[in-house]
Amino acid sequence: MHVDQRRSKWRTALIATVLGAGLITAPQATAQPTAQIDDGLALTPPMGFNNWNSTHCRADFNEAMVKGIADIFVDKGLKDAGYQYVNIDDCWALPERAADGNLVPHPVRFPNGIKAVADYVHGKGLKFGIYTSAGTKTCNKDGGFPGGLGHEEQDAKLFASWGIDYLKYDNCNNQGVDAKMRYTKMRDALKATGRPIVFSLCEWGQNKPWEWAKDVGHLWRTTGDIGDNWNSMVSIAKRNMVLAEYAGPGHWNDPDMLEVGNGGMTDVEYKSHFGLWAIMAAPLLIGADLRKVKPEMFEILGNKDVIAVDQDKLGVQGKAIRTEGGMYVFVKPLTNGDKAVLLFNENDSGAQISTTAEEIGLPKSFAYTVRDLWAKTTTHSAGSISAALPPHGSAMFRVSASNDWYSYPPAVTAGADAAVLYPGAMPLVTPGKPVTYTTTVSNTGRLPIFHTQAKLTVPDGWTVTPKSSPTKLILSGEKQFQTTWEVLVPATAKPGRFPVGATFTYTSPSSTTPVSTSYQTEAVVPGAAPVGVKFLSDHSWLRASNGHGPVEIDTTNGEAGARDGGTISIRGQKFTKGLGTHAPAHIEYYAGGDCTQVTATIGIQDNKVNPLSLVTYEVWGDNKKAYDSGPVTGQDAAKQLTADVTGATVVRLIITDGGNGKSYDHANWGDLKITCK
Ligand code: GLA
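Residues numbered from 1 in each chain as written. Predicted model: local features only at pLDDT ≥ 70, side-chain atom pairs only at ≥ 80, totals over all residues. Heavy atoms only, no water.

- An unreviewed UniProt entry annotates the protein chain as Alpha-galactosidase of Lentzea tibetensis.
- Turning to the protein chain, the UniProt record has this under Catalytic activity (unreviewed entry): "Hydrolysis of terminal, non-reducing alpha-D-galactose residues in alpha-D-galactosides, including galactose oligosaccharides, galactomannans and galactolipids."
- The UniProt entry for the protein chain carries this comment under Sequence similarities (unreviewed entry): "Belongs to the glycosyl hydrolase 27 family." (UniProt positions renumbered as here; feature names shortened; annotations may be inferred.)

Dropping the structure here:
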């Protein structure tokens, strides 16, 4: 979905025509949901597949793909793991209805029609889903195919005759008709077919469906579209996580389909994505073409322990009980009294995150068993649940109060990190300068571990010297053991990211075989800081993330690919230099302590102004805020920004969504300059 494409150009004309032709009733007529949806469907979050995230409308979205996915669901054990619905998205139809008003399947993509594909999927013991929009047209950029608004009954009947089991109902070209009314009409039309059909509201959270859609659909999107990148995934998770109280059996918050396997995130990031969706009891709709993904992706998507957390019958969406500094503790109560815990590190630096059995609400016990849902190990703990997490990493556990804890080895976490400038900062190191790393081994069990040994490994040409002992004979329960290391980065080190690793061995009381664990993090050598007065758009950033598409250099942001935005223009003032961003954005430049000031002309891009355009601009020098614009809307005149960043190692430019979601937030930084020595 490209938010700006949803503007209905012909809106006024169409409302008149559609209402005039009596195709849709006036909003006030049936604005209130009339009946409960309570039909025993989707008692756990739906699991399956949808093609959109991998193909959009490309030609490889076709019958062969759908059949291929159904085959893989069976052959690779995903069906056994719980995946059930094989769903098709936008672009399955022709742009015009047939003479009888029915939708027509695209003859090249689906030469045998939709029913044939549905039959094939059903033949595999799976279910089949389809898509249309609660508007006059769907969302596809090229104009869309006919939507369901005003055709609810006819389309629902057609879908039922094809054997559809799931309908995703989108929001584009909705002609401004009341959302509750549009979705309720389709709910009733589906119900009238007599076929059990899961009803998925894809309304992007615009009208707070969590407040009214419990009786309308089985799930509702809470956000705009997910993108296959870290920033998008995390921003969506954050919006969805605060809505936990609204979810339950038969009515789920939907933070959009999975990106696992599409290639835009690392394996560590995809595990965090999958874990976040599972702890939030989100629908698990695989969005990758399983015919092409790496084998490791099946290990993530097929992890039955993680899936069991998502699918737990109690149906409670896990809550984030702690969220400070990009370090999250999520807890989800489970049917048998266990608690599922997700420890999640949003930051670009490693982090040790801990909680306790008490904090997650388990009854008092002498010890607990802790099942690591990724490592597949079970250990015991005196009460602390903790993990040493790499950047963007997460750990997921199932924790139980236990009487037979002593049959399991003590839970041990081990990690390594250097100090960073502020929580979440990049782990920067300077060529020619020493940097101190600390390795930490924590035994959170009741029993001791023996012969603990830590080792830090650095890139070739770097040196590492332990400044305290790296070995410990006995590490008692509930104790930590730390070693400090001096790492010298050679003066000749080139800018880049370098792996820093740590390995640990120890022996558990119940075994003579040493246990080894490892931890991987990285060090970043920045490029040179700017010299004199420079356009920041001429300088490479350390890192950048953006709400839609990439941060654009010297053009505005066009939402999708690079350089698709055009000239930066704020209230008629044009800029040939600057950055084009879209909320939420975060860009960092290395300033090396040698710069004093950042200046720019800021404002929303002229041709993207919408009543929803609302952002704030911030400039930070390390962990000190140097500028805050307050709310900036599309109506505001261009503003002059001046920020004092004297002495900062890193200059950070931040765009927030202003608190109203990230739609239409094209935030420009015209003539963005930095003054340095
Ligand atoms: C919207 C939806 C997406 C997808 C596309 C199809 O953007 O939010 O999930 O269905 O439409 O055009």
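Next comes the rest of the account.
## Structural notes on the state of the cysteines
Part 1 of the argument: Going through the model one piece at a time under the given rule, you end up with three disulfides.
Part 2 of the argument: The disulfide bridge from Cys139 ends at Cys172, spanning 2.1 Å between sulfur atoms. Across the S-S bond linking Cys139 and Cys172, the dihedral sits near 110°, which makes this disulfide right-handed. Note that Cys139 is positioned in the loop between strand 3 (127-133) and helix 6 (152-162) and Cys172 in the loop between strand 4 (166-170) and helix 7 (179-193), a separation of 33 residues in sequence. Judged on exposure class, the residue Cys139 and its partner Cys172 are both buried.
Part 3 of the argument: There is a disulfide in this structure between Cys595 and Cys676, and the S-S distance comes to 2.0 Å. Disulfide Cys595-Cys676: torsion about the S-S bond near 90°, hence right-handed. On the criterion of sequence distance, the pair formed by Cys595 in strand 32 (residues 595-604) and Cys676 in strand 38 (residues 666-676) is long-range, its members being 81 residues apart. (Disulfide = S-S within 2.5 Å. Helix = DSSP H or I, 4+ residues; strand = E, 2+ residues; numbered from the N terminus. Buried < 20%, exposed > 50% of the residue type's maximum accessible area, 1.4 Å probe, protein only.)

## Observations regarding the domain arrangement of the protein chain
Part 1 of the argument: Domain annotation for the protein chain reports domain 1 (11-313), domain 2 (321-525) and domain 3 (533-676).
Part 2 of the argument: Here domain 2 and domain 3 have C-alpha centroids that lie 36 Å from each other.
Part 3 of the argument: Facing seven residues of domain 2, the contacting portion of domain 3 comprises nine residues.
Part 4 of the argument: Interface area for domain 2 against domain 3, summed over the two sides, is near 710 Å², with a carbon-plus-sulfur share of 62%.
Part 5 of the argument: Of all residues in domain 2, Leu421, Tyr422 and Met426 give up the largest surface area on contact with domain 3, accounting jointly for 67% of the area buried on that side.
Part 6 of the argument: For the pair domain 2 and domain 3, the number of links is one salt bridge.
Part 7 of the argument: Where Arg543 meets Asp348, a salt bridge forms, and the shortest distance between an N and an O atom there is 1.6 Å.
Part 8 of the argument: Counting every contact that joins domain 2 to domain 3 gives four residue pairs in polar contact (both at pLDDT 80 or more).
Part 9 of the argument: Across the side of domain 2 that touches domain 3, the residue classes tally to five nonpolar, one polar and one charged. (Domains from an automatic or database assignment. Contact = heavy atoms within 4.5 Å. Buried area = accessible area lost by both parts, 1.4 Å probe. Salt bridge = Lys/Arg side-chain N within 4 Å of Asp/Glu carboxyl O. Polar contact = N/O pair within 3.5 Å; in protein donor to acceptor, adjacent residues only side chain to side chain. Nonpolar A, V, L, I, M, F, W, Y, C, P; charged D, E, K, R; others polar.)

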